[in-house]
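# An overview of the molecular structure
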2 protein chains.
Amino acid sequence: MMAELPPFHTKTVFLTAAACDAQLEMPLPAFTQAVIDIATEHANILGIGFDRMIKDNAAWVLSRVSSVMKNYPACNEEYTMTTWITTLNRICSERYVRFDNARGETLGYVRTVWAAIDVDRRRPVNLLTLFPDGLPMPDIAKPDLTLGRIPRVENPDIIRQHRFLAADIDCNRHVNTNRYVEQVINQWSVDFYDIHRVERFDIVFHAEALYGEEVKVVSRQEENTGTVEIIAPDGRLCTQSQIVFSDR
Amino acid sequence: MMAELPPFHTKTVFLTAAACDAQLEMPLPAFTQAVIDIATEHANILGIGFDRMIKDNAAWVLSRVSSVMKNYPACNEEYTMTTWITTLNRICSERYVRFDNARGETLGYVRTVWAAIDVDRRRPVNLLTLFPDGLPMPDIAKPDLTLGRIPRVENPDIIRQHRFLAADIDCNRHVNTNRYVEQVINQWSVDFYDIHRVERFDIVFHAEALYGEEVKVVSRQEENTGTVEIIAPDGRLCTQSQIVFSDR
């Protein structure tokens, strides 16, 4: 049974001009969403998606996304995403996504970390109990995208207020994941992105922001590294992220 | 030559949970983007897309979107979009998009109005000069989605400030079309959308908002009709829109 499950899932997409940012590349929020979407598709194919999880009153929760990209998918070109699971333990499952361009060149890698929660009790569920037979994990080399703790932002350069409204809310009535990424991106200007590329991006999801909440987006840049936090009005830390910029 | 060009273009898409709003439907901003994307794809197939236009130093500009939807594409279901051109005159070309669900039932129709501009002079271009041989326009019945002038908002209920930032900017360095739609949607609450559906939506694009501008989003609701304007800091009217809500 296990042997029949496809350990890889691949999808090729054409990036239209309408889907690009001012630098004619795939924007980071859409990039993150594409990673979540292909992970979801593969989970459904493997029979470990929403429908399977909810039978045990469980749901997948994304806890971290880390990416290292030499280049992003470019305007009016096809790109291919390939995803596979690399880890399964009690606490989390890790999944990688590789991005290739139409010439078969690898643009970069993304690592995602998923946990499962009991949807009523909002408590972690043991993944080894959910999947006693394991999950298909191909034995191939992968880049090390394990990043350390993101430091708290001290002495921020920018403190910006942002209120999450109706268009920001997803099917779980939480703020949509790509909306956090947008607010991280918004700490720098279009002109800045004209001369800098996001080479490395890391975001950790700690707590959900809710409809109507006015969050603080707090950031500091030191040399080529930016650190950004999204903080809810009651002080809870929603997300932490770190960007390493490179010159274009 | 003309006879070989496909007068219709069709695309079927699966709507994932991640792509849905809190009401488990396709959100209006994504809906508008999908309409623009399928129009762009068909224009490319017909050889009247960006590449063709720029040879005459011209570009398409979207001036109006009007939709009447009985229902929106639903979560975890396929929907099919079918588009065709209905009008070509000196000033504009009109194009319809029909949405059907997986059972072949029509969910509703969208009418889009496009003009062409000279990209340097930012002045209208005569479409009959650009396309002297005409464009394929199938002779089929279409619902009348011609809406009148949207009245100006007098005595607004809500005046909200919103600043367009890096994540809002498209490949032309203007605010992305679906960002205006988001700001229109944001004049009502998630709770309001739980009990009301957007049955009719109409948006007219007058002037582009720019990066960094803090616009005013001004609206008034009378009975089941909401009228929304986005106004730039210098007073220029960027968009006008009108929504007719129905009870769920």
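Parameters and conventions
The numbering scheme is per chain: residues are counted from 1 as the chain's sequence reads. A letter from A marks each chain and a number from 1 marks each ligand, given out in the order of writing. In keeping with the predicted nature of the model, local features appear solely for residues at pLDDT of at least 70, side-chain atom pairs appear and are counted solely at 80 or more, and the whole-chain, interface and lining totals rest on all residues. The basis for every side-chain value is the complete set of heavy atoms in the structure, and neither hydrogens nor water enter the calculation. The contact criterion used is simple: two residues touch if any of their non-hydrogen atoms lie within 4.5 Å. Simply put, the buried area is the total loss of 1.4 Å probe accessible area from both parts when two parts are fitted together. Two N or O atoms form a polar contact when they lie within 3.5 Å of each other; inside protein one atom must be a possible hydrogen donor and the other a possible acceptor, and for residues adjacent in sequence the pair counts only when both atoms belong to side chains. Helix and strand definitions here come from DSSP, where helices need a minimum of 4 consecutive H or I residues and strands a minimum of 2 consecutive E residues; each element is numbered from the N-terminal end. Here an axis means a line fitted to C-alpha atoms, over the contact stretch when the element is a helix, while the angle between two N-to-C directions is reported on a 0 to 180 degree scale. Working definition: roughly parallel below 35 degrees, roughly antiparallel above 145 degrees, roughly perpendicular at 65 to 115 degrees, and oblique for all remaining angles. Handedness of a crossing is defined here by the sense of rotation of the near helix relative to the far one, left-handed for an anticlockwise turn of less than a right angle and right-handed for a clockwise turn. Salt bridge, as used here, is a side-chain nitrogen of Lys or Arg placed within 4 Å of a carboxyl oxygen of Asp or Glu. Multiplying 1.5 Å by the residue count of a helix minus one yields the expected span of that helix. Exposed residues in this analysis have more than 50% of their type's maximum accessible area, buried residues have under 20%, and partly exposed residues fall in between, with area computed by a 1.4 Å probe over protein chains only. Superposition of the copies was done by least squares, using only C-alpha atoms of residues whose pLDDT is at least 70 in both. For Phe, Tyr and Trp, where Trp contributes only its six-membered ring, two rings pair if their centres lie within 6.5 Å, and the inter-plane angle classes them as stacked under 30 degrees, edge-to-face over 60, or tilted in between.

## Points about the interface of chain A and chain B
- Contact with chain A, which involves 29 residues of that partner, is made by 29 residues of chain B.
- When chain A packs against chain B, close to 2,400 Å² is buried across both sides, 56% of that on carbon and sulfur atoms.
- On the chain A side of the contact with chain B, A:C171, A:R173 and A:V190 bury the most area, a combined 22% of that side's loss.
- The interface formed by chain A and chain B includes eight residue pairs in polar contact (both at pLDDT 80 or more).
- Where the side of chain A that touches chain B is concerned, the elements lending two or more residues are α1 (28-45), α4 (177-185) and α5 (190-195) of chain A.

## Some remarks on the packing of helix α1 (residues 28-46) of chain B against helix α4 (residues 177-185) of chain B
Residues and elements named next belong to chain B.
- Running from N to C, α1 and α4 point in directions that differ by 155°, and their axes come no closer than 8 Å. Between α1 and α4, the crossing angle belongs to the class labelled roughly antiparallel. Where α1 crosses over α4, the handedness of that crossing is right-handed. Where α1 approaches α4, its residues L28, P29, T32, Q33 and I36 are matched on the opposing element by T177, N178, V181, E182 and I185.

## Overview of the pattern of salt bridges
- Evaluation of the coordinates by the stated rule reveals 37 salt bridges over all chains.
- For B:R52, the salt bridge identified is with B:D56, shortest N-O distance 2.7 Å.
- The network of salt bridges with common partners includes A:D168, A:R179, A:E182, B:D168, B:R179 and B:E182.

## Points about α1(A)
All names here are of chain A.
- With 18 residues, α1 should cover 26 Å at 1.5 Å per step; its first-to-last C-alpha distance of 26 Å lies within 8% of that length.
- Taken as a whole, α1 has its buried residues at L28, P29, F31, T32, Q33, A34, V35, I36, I38, A39, H42 and A43.
- Phi for G47, located one or two positions after α1, is positive at around 75°.

## Overview of the environment of A:E41
Residues and elements named next belong to chain A.
- Tracing the chain through its elements places E41 in helix α1.
- Judged by its relative accessible area of 23%, E41 falls in the partly exposed class.
- Considering only alpha carbons, one finds E41 and G148, 107 residues apart in sequence, at a separation of 29 Å.

## A word on the relation of the copies chain A and chain B
- Between chain A and chain B, the superposition needs a rotation of 180° and an axial shift of 0.0 Å, giving an RMSD of 0.0 Å. Taken together, the rotation angle and the small translation identify this as a two-fold axis. Identified as the residue of chain A closest to the rotation axis by C-alpha distance is A:H162, at 4.6 Å.
- By residue overlap, the copies meet face to face through one surface: 100% of the interface positions of chain A are interface positions in chain B.

## Observations regarding the packing of aromatic side chains
- For the structure shown, the criterion picks out 26 aromatic pairs over all chains.
- Both rings, one in B:F192 and one in B:F245, keep their centres 4.8 Å apart while their planes meet at 80°; by these two values the pair is edge-to-face. Residue B:F192 is found in helix α5 (residues 190-195), and its partner B:F245 is found in strand β11 (residues 237-247); the two are separated by 53 residues along the sequence.
- When its relative accessible area of 15% is taken as the criterion, B:F192 is described as buried.
- For B:F245, a relative accessible area of 3% gives the class buried.
- Each residue in the set A:F31, A:Y72, A:Y79 and A:F99 is aromatic and connected to the rest through ring pairs, giving one cluster.

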